[in-house]
Amino acid sequence: MLVLVAPGQGAQTPGFLTPWLDLPGVEDRLRTLSAAVDLDLVHYGTHADADEIRDTAIAQPLLVAAGIVSATALGAVTPGAVAGHSVGEITAAAFAGVLDDTAALTLVRRRGLAMAEAAAITATGMSALLGGDPEVTVPHLEKLGLTPANVNGAGQIVAAGTLEQLAALNEDKPEGVRKVVPLKVAGAFHTHHMAPAVEILAEAAAELAPADPKVVYVSNKDGGTVATGAEVLERLVGQIANPVRWDLCMETFKELGATAIIEVCPGGTLVGLAKRALPGVKTLALKTPDDLDAARELLSEHGAA
C-alpha cells in the first residue's frame, strides 16, 4: 500500500519549481492558480530568493501549488492513503478530493496571510532538535517556555517560541540532543502564538463546500484517519495553533500496512523521517521531473492505479 505525502513549510528552496515548468501544462496551471489567489507562483517558484520565499504568506501557497502540480504529473494516481505535514495537510486534502485545486489554494492563501499576521505580533521562530529522548526533551523545552510544535518521530522534535527562548535553547540543549537547527520559517507555528489566525481561517473554511475524502486521510492532530470533509476542514483550522504529531501519522501508516511512500515536490524531509522510523518501507522524494519514472514504477509495484 502506497502513501502519498506532502511536505510542510521550510521545504522550499530558491528555484525549486524551475524544472517543472518544462512539463506540458504546468506553467499554465500555475498561472491559473496564481490568478485565483493574486500571487505570482511562477515567479516565486523560479526567480525569487530565499528571503522572499521564507515569507509565510508566500511559502504556504507555493508549497501547496508545487505539491498539486507534481502529483498531477504522475498521471492518474489512487494512493492507499494521503497525509501532509502542517501546511502539507491542505495539499493532502486536494489529493483526497476534499477540496479542488482552486479551493485548496484559496484556503492556503488565507492561512498564510493570517499566520504571517500572527507571527508579526512577536518575534518568534522554530528550531529542529536532532536526537534525544522525547521524555527528556519535552519537559526541558517546557521549562524554557518553548512548545514541542512538531513531534516528528525518528528522533526529531521541533521547538517553537520567541527568539529569546530559542537562543536560550542553543545554550541549554536537552540531554542527548546532538544538534539544534534553526528552520526557514517566520514564526512559532502550531503554538499559542498562532491563536489570532484560527478565527480568520475558520471564516475562510466556512465559505468552502468540502467533499468527503476519496482515499484514507491521515490527520496531524493525532494520527487518526478522517472520514468526512467537514472534519478535515475543522482539523485544518485547529491545527495551526496545535502541535503536529507526525510521529503518530507514521504509526498509522504502519498500521494501515504501508509498503511505500512518495513525497511530492519539494520532497525530502518526510522521506528522511520515514527511512528512520519505518524500516522496510520503500520511499521516494519527488524533487524534479527526473524522479517521475521511478515514482510511477513505485506506484505500479505497490498497488496504486
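See above for the structure.
Owing to the predicted nature of the structure, the values given are computational and were not obtained by experimental measurement.

About the criteria used
- Residues numbered from 1 in each chain as written.
- Predicted model: local features only at pLDDT ≥ 70, side-chain atom pairs only at ≥ 80, totals over all residues.
- Heavy atoms only, no water.
- Helix = DSSP H or I, 4+ residues; strand = E, 2+ residues; numbered from the N terminus.
- Buried < 20%, exposed > 50% of the residue type's maximum accessible area, 1.4 Å probe, protein only.
- Contact = heavy atoms within 4.5 Å.
- Areas by Shrake-Rupley, 256 points an atom, 1.4 Å probe, with all protein chains shown as cover.
- Pairing = 2+ DSSP bridges.
- Axes fitted to C-alpha atoms, helices over the stretch in contact; angles between N-to-C directions.
- Parallel < 35°, antiparallel > 145°, perpendicular 65-115°, else oblique.
- Left-handed = near helix turned anticlockwise from the far one by under 90°.
- Nonpolar A, V, L, I, M, F, W, Y, C, P; charged D, E, K, R; others polar.
- Phe/Tyr/Trp six-rings, centres within 6.5 Å; stacked < 30°, edge-to-face > 60°.
- 1 Å grid on protein atoms, 1.4 Å probe; cavity = no way out; pocket = protein on both sides within 12 Å on 5 of 7 lines; lining within 4 Å.
- Points joined across faces, edges and corners; volume = space filled by probe spheres on them.
- Core = buried A, V, L, I, M, F, W, Y, C linked by side-chain atoms within 4.5 Å.
- Salt bridge = Lys/Arg side-chain N within 4 Å of Asp/Glu carboxyl O.

Attention now moves to the overall build of the protein. If you tally the helices and strands in the protein, you get 13 helices and 10 strands. Here the C-alpha coordinates of the protein stretch approximately 50 × 45 × 35 Å along the principal axes. In the protein, which comprises 305 residues, the proportion classed as buried is 56%. Long-range pairs, those at least 24 residues apart, make up 74% of the contacts in the protein with a sequence separation of at least 6. Taken as a whole, the protein presents about 12200 Å² of accessible surface, with 51% of it coming from carbon and sulfur.

Here we take up the sheet that holds strand S1 (residues 2–6). The six strands lie next to each other as S8-S7-S2-S1-S9-S10, forming an open sheet whose pairing is mixed. Of all the strands in the sheet, just strand S8 (225–226) and strand S10 (282–285) have a single pairing partner and so form its edges. Sheet analysis places strand S2 (residues 81–84) next to strand S7 (residues 216–218), joined by two bridges and oriented parallel. Considered in S7, the bridge of Val 82 is made with Tyr 217. Helix H11 (residues 246–256) contacts S1, S2, S7, S8 and strand S9 (260–263) of the sheet and is inclined by roughly 150° relative to S7.

Structurally, Gly 112 is set in helix H6 (residues 101–119). For the pair Gly 112 and Pro 134, spaced 22 residues apart in sequence, the C-alpha to C-alpha distance is 29 Å. For Gly 112, the contacting residues outside a window of four places in its chain are Thr 56, Ala 57 and Gln 60.

Summarising the element assignment, Asp 247 is placed in helix H11. If near-sequence neighbours (up to four positions away) are discounted, Asp 247 is found in contact with Val 151, Asn 152 and Gly 153.

The N-to-C vectors of helix H4 (residues 56–72) and H6 enclose an angle of 155°; their axes lie 7 Å apart at closest approach. With respect to H6, the element H4 is oriented roughly antiparallel. Viewed along their axes, H4 and H6 form a crossing whose handedness is right-handed. Mapping the contact onto sequence places Thr 56, Ala 57, Gln 60, Pro 61, Val 64, Ala 65 and Ile 68 in H4 and Asp 101, Ala 104, Leu 105, Val 108, Arg 109, Arg 111, Gly 112, Leu 113, Met 115 and Ala 116 in H6. The residue makeup of the contact of H4 with H6, split by class, is 11 nonpolar, three polar and three charged.

Moving on: the packing of aromatic side chains. Tallied over the entire structure, the rule returns one aromatic pair. Ring centres of Trp 246 and Phe 253 lie 5.7 Å apart, and the angle between their planes is 80°; this geometry places the pair in the edge-to-face category. Here the two residues Trp 246 and Phe 253 agree in accessibility, since each one is buried.

Turning next to the layout of surface pockets. As a volume, the largest pocket reaches approximately 510 Å³. Taken together, 31 residues line the largest pocket, and the ones lying closest to its centre are Gly 8, Gln 9, Gly 10, Ala 11 and Thr 269. When contributions to the lining of the largest pocket are tallied by element, the ones reaching two or more residues are strand S3 (124–131), strand S4 (147–153), strand S5 (156–162) and helix H12 (269–277). Among the elements that line the lining of the largest pocket, the one with the most residues is H12, at three residues. Split by residue class, the lining of the largest pocket holds 15 nonpolar, 14 polar and two charged. When contributions to the lining of the second largest pocket are tallied by element, the ones reaching two or more residues are H4 and helix H5 (88–95).

Let us look at the nonpolar core. Core analysis: the largest hydrophobic core is formed by 80 residues, its most contacted members being Leu 105, Leu 107 and Tyr 217. In contact with Leu 105, not counting residues within four places along its chain, are Leu 33, Val 37, Leu 41, Pro 61, Val 64, Ala 65 and Ile 68. Listed in part, the 17 residues of the second largest apolar core include Met 250, Ile 261, Leu 273 and Val 281.

Let us now look at the pattern of salt bridges. Inspection of the entire model under this criterion finds nine salt bridges. Taking the shortest distance from any N to any O, the salt bridge between Arg 110 and Glu 207 comes out at 3.7 Å. One end of the pair, Arg 110, is in helix H6; the other, Glu 207, is in the loop between helix H9 (195–206) and S7, with 97 residues separating them in the sequence. Arg 110 gets classed as partly exposed once you look at its relative accessible area, which sits at 27%. Ionic pairing is found between Asp 172 and Lys 143, a salt bridge with its closest N-O pair at 3.8 Å. On the criterion of sequence distance, the pair formed by Asp 172 in the loop between helix H8 (163–171) and strand S6 (177–182) and Lys 143 in helix H7 (residues 134–143) is long-range, its members being 29 residues apart. When salt bridges that share partners are traced, they join Asp 222, Glu 231 and Arg 235 into one network.

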